[in-house]
Amino acid sequence: MSDVNTMVIEPLSKFYKDSSYLVKKCTKPDHKEFARIARATGIGFLIMGFIGFFVKIIHIPINNILMGGS
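What counts and how
Residues numbered from 1 in each chain as written. Predicted model: local features only at pLDDT ≥ 70, side-chain atom pairs only at ≥ 80, totals over all residues. Heavy atoms only, no water. Helix = DSSP H or I, 4+ residues; strand = E, 2+ residues; numbered from the N terminus. Buried < 20%, exposed > 50% of the residue type's maximum accessible area, 1.4 Å probe, protein only. Salt bridge = Lys/Arg side-chain N within 4 Å of Asp/Glu carboxyl O.

Draft legend 1. Inspection of the environment of lysine 25 at higher detail. In this fold, lysine 25 is placed in helix 1 (residues 2-25). Taking relative accessible area as the criterion, lysine 25 reaches 55% and is therefore assigned exposed.

Draft legend 2. Focus on the pattern of salt bridges. Within this structure, the stated rule accounts for one salt bridge. Here aspartate 18 and lysine 14 are joined by a salt bridge, their closest N and O atoms 3.2 Å apart. Within this pair, aspartate 18 and its partner lysine 14 are both found in helix 1, separated by four residues, close to a single helical turn.

Draft legend 3. How the structure looks around the environment of lysine 28. Mapped onto the elements of the fold, lysine 28 is located in the loop between helix 1 and helix 2 (31-67). For lysine 28, a relative accessible area of 77% gives the class exposed. In the structure, lysine 28 is positioned eleven residues away from lysine 17 in sequence and 21 Å away in space, judged by C-alpha atoms.

Take a look at the structure:
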């Protein structure tokens, strides 16, 4: 019974305590913080989109040269 307590019950108990502490500490962002996070995420999406677009623009002519485009 001691092994079961050490290997199963104690880690689950610690996980429950840590999780409940985390949930108590979390707060919803206010409007200003949410807008800042949304803006940063949008800028990140735009940057990644432009990188993908330019890689595709560069890849198409190189691929046509290598494959003998027709």
